[in-house]
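# Summary of structural features
Chain by chain, the residues run as shown.
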Amino acid sequence: MNSAPAEEQREQRCMSQALALASKGLYTTRPNPRVGCVIVLGDEVVGEGWHEWAGESHAEIMALEQAGRRASGAEVFVTLEPCSHTGRTGPCVDSLIRAGVKRVVAAMLDPNPKISGQGVETLRAAGIDVDVGIGSVEAHKLNEGFVKRMETGRPLVRVKVAATLDGRTAAMDGSSQWITSEAARQDVHRLRARSCALVTGIGTVIEDDPRLNARVDEPLAPSLRVVLDGNARLEPGAAIFSVPGPVLIVTSGKDPYDYIFDSRTECMRMTGADGRVDLSGLVELLGQRGCNDILVEAGAGVSGAFMAAGLVDEIVTYNSPDVLGSSGRGMFVVRGIRSMKDRIRYEILDVGRIGPDIKVIYRPIRDGSE
C-alpha cells in the first residue's frame, strides 16, 4: 500500500497548523513577517510558536522552548525559511542545529534576495534534511507586503473604497455616513489593523474628521497615519490626534504650519513635478521606514492619483445595495483618461458578501493581457 498520500496529508496538516499560528501575529509583527512554527516528533506535536512582536523571539525559538529535549530528532514545520543572520535576535538556524532536529520543512524561502537560501544551506551543511514549498501560496499571501518590500524596496499599496451600487461614495450634499453596513466597517478595521501605514487626504480629514485608527479587540501595533496636506491646512484639534499612534503629515506647498503639533507627529514636504505631494516618493520613503502594507482611505482625488501613478497593487471595494444617482460623488478622479485605450485595467481576485454588502478585491493588469 502506497503511504505517500497519507504522508503528504500529514505534512499539509502540520503546515496548516503553522500557518494558523503565523496568522496570530497579523496585527503585531510589523515590520517583520508573520511566521508560525510546529515541531513534530512522530505523530505528536511537541512544540509550537509564532512571532508575536518585532524584537521578540521568533516562531522557531518559541516552539523549541516548548519542545525542550523532545526537539531532538523531530521535524520542524515553519512558514518561512529560518533566519541565518543576527538582527535584534540571534539566528534561528543555530538554535535548530543545537536542538538536534532531523528535518526542517519551510513553506517558502526568505524573500530578501541578499539572504534568501542561506538558512537552508546552513541547515543542510549541518546534516539536517530540508524541504521547501509546502504551503507556499498561503505563506506568501500572509506576508505579501513584506515579500514585495524585500524584493522591490516598496510596500504593497491597497486602496479601500466604500460605495453604493452605482459607484457613489457620497451623496450630492457630501454626506456619506454610513454607505456600508456595520459588518463591512468592522472588516475595514481589520484591514487597517494589518496595515503598517494608513494614508488619507486633507479633504477627507476636513469633511469627515476620522480618527483613522483600527478598532479591533486583539493585540495591535499602532499603524502610522499619514495625512496628505498639500497646503498645510491640518489643524491640531483634528480627531486623528485624539488616539494613540504616530502621525506623518506630508505637504507640498511653500508655507509651513504656523503652529506646533505634538511630539509623536512628524511633518515633511515632498513636492512632485506637478507641484502636488510626491506620491511615488512617499511610497518609497515608507518602504525605507519598514512599512510592508499601505492602506489608502481617501477621497476620489487621492485614490485616483495613486492609480494614475501606477502605485496601486490592490483595490478593495465595499458596495452597498443602494443608489445615490448621478449627482453623487464618484469613486475615482483620474487625470488623463480620454478614451478606452487610456483606461486602467484590473482583474477580480475575490468576491464575497459581508452582511448586506459586497466586497470585491481587484488587482491591476500590468501586462495588457486579457
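Up top is the structure.
The text that follows walks through the structure, step by step, so that each part is easy to find. For clarity, every value in this text was computed on a predicted model and none was experimentally measured.

## Considering the pairing of strand S1 (residues 36-41)
- Burial analysis of S1 places 5 of its 6 residues in the buried class, which makes it a mostly covered element.
- In terms of strand pairing, S1 meets strand S2 (residues 44-50) through 6 bridges, oriented antiparallel. When the sheet's bridge partners are listed, leucine 41 is paired in S2 with glutamate 44.
- Summarising the sheet, S1 and strand S3 (residues 75-78) pair through 4 bridges and their orientation is antiparallel. Looking at the pairing, valine 40 lines up with glutamate 75 of S3.

## Some remarks on the state of the cysteines
- Counted by the stated rule, this structure contains 0 disulfides.
- This cysteine, cysteine 267, is not joined by any disulfide, and cysteine 291 carries the nearest cysteine sulfur, 17 Å off.

## Section: the packing of helix H2 (residues 59-67) against helix H3 (residues 92-99)
- Look at H2 against H3: their axes get within 9 Å of each other, and the N-to-C directions meet at 25°. On the basis of the axis angle, H2 is roughly parallel to H3. Judged by the sense of rotation from one axis to the other, the crossing of H2 with H3 is left-handed. Contacts between H2 and H3 involve Glu60, Ile61 and Leu64 on the former and, on the latter, Cys92, Ser95, Leu96 and Ala99.
- Among the residues forming the contact of H2 with H3, the class breakdown is 5 nonpolar, 1 polar and 1 charged.

Calculation criteria
- Note on numbering: residues in each chain are counted from 1, in written sequence order.
- Reporting of local features is limited, given that this is a predicted model, to residues whose pLDDT is at least 70; pairs of side-chain atoms are given and counted only at 80 or more, and all residues count toward the totals for whole chains, interfaces and linings.
- Side-chain descriptors were evaluated using all non-hydrogen atoms of the structure, hydrogens and water having been removed beforehand.
- Burial classes: relative accessible area under 20% of the type maximum marks a residue as buried, over 50% as exposed, and values in between as partly exposed (1.4 Å probe, protein chains only).
- Labels follow the DSSP assignment, with helices taken as runs of H or I lasting at least four residues and strands as runs of E lasting at least two, numbered in each case from the N terminus.
- By definition, two strands form a pair when at least two bridges between them are found by DSSP.
- Note on disulfides: each one is a pair of cysteine sulfur atoms within 2.5 Å.
- Comment: axis = line fitted to C-alpha atoms, over the contacting stretch for helices; angle = value between 0 and 180 degrees taken between N-to-C directions.
- Working rule for angles: under 35 degrees goes down as roughly parallel, over 145 as roughly antiparallel, 65 to 115 as roughly perpendicular, anything else as oblique.
- Each crossing gets its hand from how the near helix is turned against the far one by less than a right angle, where anticlockwise is left-handed and clockwise is right-handed.
- Every residue pair with non-hydrogen atoms within 4.5 Å of one another is taken to be in contact.
- Think of it as three bins: nonpolar holds Ala, Val, Leu, Ile, Met, Phe, Trp, Tyr, Cys and Pro, charged holds Asp, Glu, Lys and Arg, and polar takes everything else, Gly as well.

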